[in-house]
Amino acid sequence: MAAITVNTPDLIPLRTTCPYCGVGCGLLAAPGKADPMADQRPVSGDLAHPANRGRLCVKGANLHETTNSEGNLHHPRVLGSRVSWDRALDEVTGAIRQAMFQHGPGSVAFYLSGQLLTEDYYVANKLAKGFIGTPHVDTNSRLCMSSAVAAHKRAFGEDVVPGCYEDLELADLLVLAGSNTAWNHPVLYQRMKAAGRPGRRVVVIDPRRTATAELADLHLAIRPGTDTTLFNGLLVWLADAGAVDGAYVDAHCSGFDETLVSARARAFAPENVAEACDIPVADVVRFYQWFAETPRTVTAFSQGINQSVAGTDKGNAIINCHLATGRVGKPGASPLSLTGQPNAMGGREVGGLANTLAAHMDYDTPGAREAVAQFWGTDRLPQAPGYKAVDLFDAVHRGEIKVLWIMGTNPAVSLPQSRRVREAMSRCPVVIVSDCVSHTDTTALADILLPARGWGEKDGTVTNSERCISRQRAFRPPTGEARADWQILAEVGRRLGYEKAFAWPSPAAVFREHARLSALDNHGTRQFNLSGLADLTDEAYDQLAPVQWPVTAAQPGGSKRLFGDGRFSTPDGRARFIPVRATALDQTDVSPEKMRLNTGRIRDQWHTMTRTARAPRLVQHRPEPFVDMHPGDLRGLGIKEGELVTLGKERGGQFTGRVRAEPGQRQGEVFVPIHWSHQFTGEGLASALITPVTDPFSGQPDSKNGLVTVTSLSARWHARLLRHREASRGWQADYHTLVPQHHCNTWYLAGKQPEDWHRTITRWLGGAPDLVLEDSAAGTFRAARIRHGQLDGVLLVARDASHLPDTAWLASLFDGRELSRKERRGLLSARSVETEDIGAVVCSCFGVGEKQIAAAIGAGAGTVEALGEKLRCGTNCGSCTPELKAAIEKHRLSSAPV
């Protein structure tokens, strides 16, 4: 295992890891003396890191804007007032002690996050389960990865991802199931794309034609919820075609015959599969043939598989097909779960899920509870698992939980039925929130706010989707009085009277204890083992290079792949086939007015936007909540692209967003993004539409299914309001979305009733306007306010949102300088004659707009490569490539002879 040389501050960039998705990209961060984030490009991709080999997506490349200290929590607060750390920790400790005394340890609960470092996670789990004695410790990883975890454990005996990223490149058949890697794991998408070669095939299985489908040789736009049908049918096909590796199955697996009988019971011939999945029979047969004849096959799956009421079964249906062909843990041949968060796997390693203890040991593992209790030196370890995420917040709502400690996550936005979750938190006697961000929907409900260190300020490790442990290294001073999460937790443990158990001097000491605990294995079957790192010195920990577990004395350099020898983590060492029942969604309620709901991430945003919304470049691509609908559905409902619509659920919430016509959307279905919160919009929370129905094995919510009604907002006017960031809201509207800019806030607004602008403009702009332009017949009104020669506010109103101009130039004028005469003249037209109107941004990496792209295509740049040479678009992360292709095709169709 090669060591990484410790870098000298201010001279050599420091190696660290990206804090976003589960790819776990290595970064080079350039520390500075006073303000490390003042540099325009303080981060770059680390060529030496095995996950990304120097590549970065647009979010990683803009970390200098999204992780600065502006908007961070600087000091502890109790009931809204700033207090000392001593007072805050006394309040935390007192609340926990009182709840334990009056209601028992189960009245205390922790809700953690894949954004925490492994050391933070370890200390939280040890404090909660080991010494408070509550089993109620869960994590937001429950919302994205727990079904994959349950599938791994049922099949392999342990939560183990057997493959690695290199397999994505080595595979001759790459199957992407429920995974829009182009937008959600862009760096892996770049690696997949670069690995293209003659004879290599890519199959994308997704109801939507996403950006990832551009890579596909075959796109299976299956009916939502029919993944198990597709893969059960594949298992039957493999058996009938003689493609099952009988020797492998006999030697290394159990349960094959029962599983095959279960699959056959529903007559899964290709014709049956095609009908159930609503795809052509020829496409089913082609996929099955390719899978059967291609030894090097990787099936990568993500949220489209996991976020389902049958997510665990879907995962096992995939794994069944790989076990049947002996394609597990071999070069270019394996199932591969792609993780959503940077440390979702690290949290699972230490026991961050409610149904686990620690170090991949479960409550029902023989001898595990006793071993962990003895290792920690405690007699308070719970007897049984605690509440999983959705059930946990139901318990909060019922009043069972008296103290709730939330760390590094925003459940008021991300959990199903977000309104009920907020109501539950408001009912809880004591809500503690540790976060680096001061204002979120969740921090607004906290009784005690604790400032935690953010990325670039904290030191520890994370584990990515391929089991690779990487160091996150601090390269900037903490914001205000912020402390590391593990330090906060350890101090609470000491104040509760457990001095010795929480006496670590550094994160390295926490990691060593975590590694020693991982070595406890009475049965010798568990793969998770860090015993080879248990004696790391502080210096060796500082120099730790990326390494894939297990790391032992016999495997000091880690392990790329697991289970390739056919030996699994079950008591008998054999993998298990799992019979799964194929279920299709009930389609009887679908109608033109009631449509199937799908939710997901978008290219440039992350989770609930508390960080990525700080970077104007990342907001430009999709500036407001939207609803993707098929053009045929829009015509059927009489809705035009660009209108505002409201999605509603019976006995549920609402979602309002702007309609986008998307031919890649299946008819009868809609897609909405998950990122917006009440911090940024009114009724744009996708979680308001998600029913708290969960997978029976994993407890993961079914976030990609539901029925919604679609109605037009019928707005009479649309507006853009630009004000300084500190300006108070003086407006009222039926729809609003905040779009942060560098020096101002831009509000997208709409109203259902006529507005008397001359009467209300002073309130909207915070004072009387200096410039006014009105055309009442056209429904146009524009006004600007100037104070001391500087722009103070602008309002642009139109009857149709498509008639509103781009506001990028106006936003640039809020930088505090005095306006020139030319700039004043251009205010109400919202553009400078000296500034190019680029249109809506398509390539966020280089800020290239749709009007620039259209002009370049018109001038002869008729390929993606030609556009890249001329404008640079598509040459970095590549996520905009599908949109570039669409623009080229649009030009081709418009210029074709009639």
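To start, this report covers the structure provided alongside it. (Residues numbered from 1 in each chain as written. Predicted model: local features only at pLDDT ≥ 70, side-chain atom pairs only at ≥ 80, totals over all residues. Heavy atoms only, no water.)

Focus: the overall build of the chain
- A tally of regular secondary structure across the chain gives 31 helices and 36 strands.
- A globule of 898 residues ought to have a C-alpha radius of gyration of about 29 Å, and the chain, at 27 Å, matches this closely.
- For the chain, the spread of C-alpha atoms along the three principal axes comes to 80 × 70 × 55 Å.
- Counting only residues that meet the buried cut, the chain has 62% of its 898 residues in that class.
- Pairs at least 24 residues apart make up 71% of the contacts formed inside the chain by residues separated by at least 6 positions.
- With an accessible surface of roughly 32500 Å², the chain has 49% of that area assigned to carbon and sulfur atoms.
- Each charge class in the chain can be summarised by its mean position, and for the 99 positive and 96 negative side chains these summaries are 2 Å apart. (Helix = DSSP H or I, 4+ residues; strand = E, 2+ residues; numbered from the N terminus. Rg over C-alpha atoms; globule rule 2.2 N^0.38 Å. Buried < 20%, exposed > 50% of the residue type's maximum accessible area, 1.4 Å probe, protein only. Contact = heavy atoms within 4.5 Å. Areas by Shrake-Rupley, 256 points an atom, 1.4 Å probe, with all protein chains shown as cover. Lys, Arg positive; Asp, Glu negative; His and termini not counted. Charge placed at Lys NZ, Arg CZ, Asp CG, Glu CD.)

Details of the nonpolar core
- Counting 182 residues, the largest nonpolar core has Phe 287 and Trp 405 as the members making the most contacts within it.
- Not counting residues within four places of it along the chain, the set of residues in contact with Phe 287 comprises Val 175, Val 203, Ile 205, Leu 218, Leu 220, Leu 230, Phe 231 and Leu 234.
- Leu 73, Ala 395, Val 421 and Ala 446 belong to the second-largest nonpolar core, a separate cluster that totals 22 residues. (Core = buried A, V, L, I, M, F, W, Y, C linked by side-chain atoms within 4.5 Å.)

Points about helix H29 (residues 850–858)
- Listing the buried residues of H29 in full gives Gln 852, Ile 853, Ala 856 and Ile 857. Angular distribution of buried residues about the axis of H29 spans 135°; they occupy a single face of the element. Exposed positions of H29 whose direction lies more than 90 degrees from the buried face are Ala 855 and Gly 858.
- Looking at the buried residues of H29, the elements they touch are strand S35 (841–843), strand S36 (848–849), helix H30 (864–871) and helix H31 (881–895).
- Gly 860 occupies a position one or two residues after H29 and carries a positive phi of about 115°. (Arc of directions from axis to C-beta.)

Focus: the sheet that holds strand S23 (residues 594–600)
- The strand order around the closed barrel formed by six strands is S23-S27-S24-S26-S25-S28, and the pairing between neighbours is mixed. Each adjacent strand pair in this sheet contributes to an overall mean axis angle of 45°, direction not counted.
- Pairing of strand S24 (residues 626–629) with strand S27 (residues 669–673), which is carried by two bridges, proceeds in the antiparallel orientation. Bridged to Met 629 within S27 is Val 670. (Pairing = 2+ DSSP bridges. Axes fitted to C-alpha atoms, helices over the stretch in contact; angles between N-to-C directions.)

Remarks on the sheet that holds strand S19 (residues 460–463)
- With respect to topology, three strands assemble into an open sheet ordered S19-S20-S21, the strand pairing being antiparallel. The open sheet has two edge strands with one neighbour each: S19 and strand S21 (547–548).
- As paired strands, strand S20 (residues 468–472) and S21 are joined by two bridges and run antiparallel to one another. What sits directly across from Ile 469, in S21, is Val 547.

Focus: the environment of Asp 250
- Topologically, Asp 250 is positioned in helix H10 (residues 246–252).
- With a relative accessible area of 60%, Asp 250 lands in the exposed category.
- For the pair formed by Asp 250 and Ala 324, sequence separation is 74 residues and the distance between their alpha carbons is 10.0 Å.

Re unusual backbone geometry
- With omega at 5°, the peptide bond leading from Trp 549 into Pro 550 counts as cis.
- Tracing the sequence through the fold places Pro 550 in the loop between S21 and strand S22 (575–576).

Overview of the packing of aromatic side chains
- For the coordinates displayed, the defined rule picks out 25 aromatic pairs.
- Seen from their ring centres, Phe 287 and Tyr 288 are 5.8 Å apart, and the 50° between their planes marks the pair as tilted.
- Residue Phe 287 is classed as buried on the basis of its relative accessible area, which comes to 0%.
- Both rings, one in Trp 717 and one in Trp 757, keep their centres 5.0 Å apart while their planes meet at 85°; by these two values the pair is edge-to-face. Of the two residues, Trp 717 is situated in strand S29 (residues 717–724) and Trp 757 in helix H26 (residues 757–765); the sequence distance between them amounts to 40 residues.
- On the accessibility criterion, Trp 757 (9% relative accessible area) is buried.
- Among the aromatic residues, those joined into a cluster by ring pairs are Tyr 122, Phe 131, Trp 376, Tyr 498, Phe 502 and Trp 504.
- In this structure, Arg 154 packs its charged tip against the face of Phe 697, placed 4.3 Å from the ring centre. (Phe/Tyr/Trp six-rings, centres within 6.5 Å; stacked < 30°, edge-to-face > 60°. Lys NZ or Arg CZ within 6 Å of the ring centre and 35° of its normal.)

A word on the pattern of salt bridges
- Scanning all chains against the criterion turns up 39 salt bridges.
- The shortest N-O distance in the salt bridge between Lys 314 and Asp 227 comes to 3.1 Å. Residue Lys 314 is found in helix H15 (residues 311–324), and its partner Asp 227 is found in helix H9 (residues 227–240); the two are separated by 87 residues along the sequence. Residue Lys 314 shares its accessibility class with Asp 227, and that shared class is buried.
- As a salt-bridge pair, Glu 823 and Arg 817 come within 2.6 Å of each other at their nearest N and O atoms.
- A relative accessible area of 31% means that Arg 817 is categorised as partly exposed.
- Each of Asp 86, Asp 90, Glu 491, Arg 494 and Arg 495 takes part in one network of salt bridges that share partners. (Salt bridge = Lys/Arg side-chain N within 4 Å of Asp/Glu carboxyl O.)

Topic: helix H20 (residues 418–427)
- Those residues of H20 lying buried are Ser 418, Val 421, Arg 422, Ala 424 and Met 425. Down the axis of H20, the buried side of the element spans an arc of 155°, and every buried residue falls inside it. Set apart from the buried face of H20 by more than 90 degrees, the exposed residues are Arg 419 and Ser 426.
- The elements touched by buried residues of H20 are helix H18 (389–398), strand S16 (403–407), helix H19 (411–414) and strand S17 (430–435).

Observations concerning the packing of helix H4 (residues 118–132) against helix H21 (residues 485–495)
- Axis separation between H4 and H21 bottoms out at 8 Å; the angle between their running directions is 20°. Comparing their axes, H21 and H4 come out roughly parallel. The element H4 and its partner H21 pack so that their crossing is left-handed. The residues of H21 that touch H4, namely those facing Glu 119, Asp 120, Val 123, Ala 124 and Leu 127, are Asp 485, Trp 486, Leu 489, Ala 490, Val 492 and Gly 493.
- Residue composition of the contact of H4 with H21, grouped by class: seven nonpolar, one polar and three charged. (Parallel < 35°, antiparallel > 145°, perpendicular 65-115°, else oblique. Left-handed = near helix turned anticlockwise from the far one by under 90°. Nonpolar A, V, L, I, M, F, W, Y, C, P; charged D, E, K, R; others polar.)

Details of the environment of Pro 882
- For Pro 882, the location among the structural elements is in helix H31.
- By relative accessible area, Pro 882 is classed as buried at 12%.
- Note: C-alpha distance between Pro 882 and Ala 213 (669 residues apart in sequence) is 8.8 Å.
- With sequence-adjacent residues up to four places away left out, Pro 882 is seen in contact with Ala 211 and Glu 214.

A closer look at the state of the cysteines
- The final tally for this structure, using the stated rule, is zero disulfides.
- Among the cysteines around Cys 144, which has no disulfide bond, Cys 21 carries the closest sulfur, lying 11 Å off.
- The closest cysteine sulfur to the non-disulfide-bonded Cys 843 is located on Cys 880, 4.1 Å from its own sulfur. (Disulfide = S-S within 2.5 Å.)

It is worth stressing that arrangement in space is one thing and function is another; only the former is reported here.
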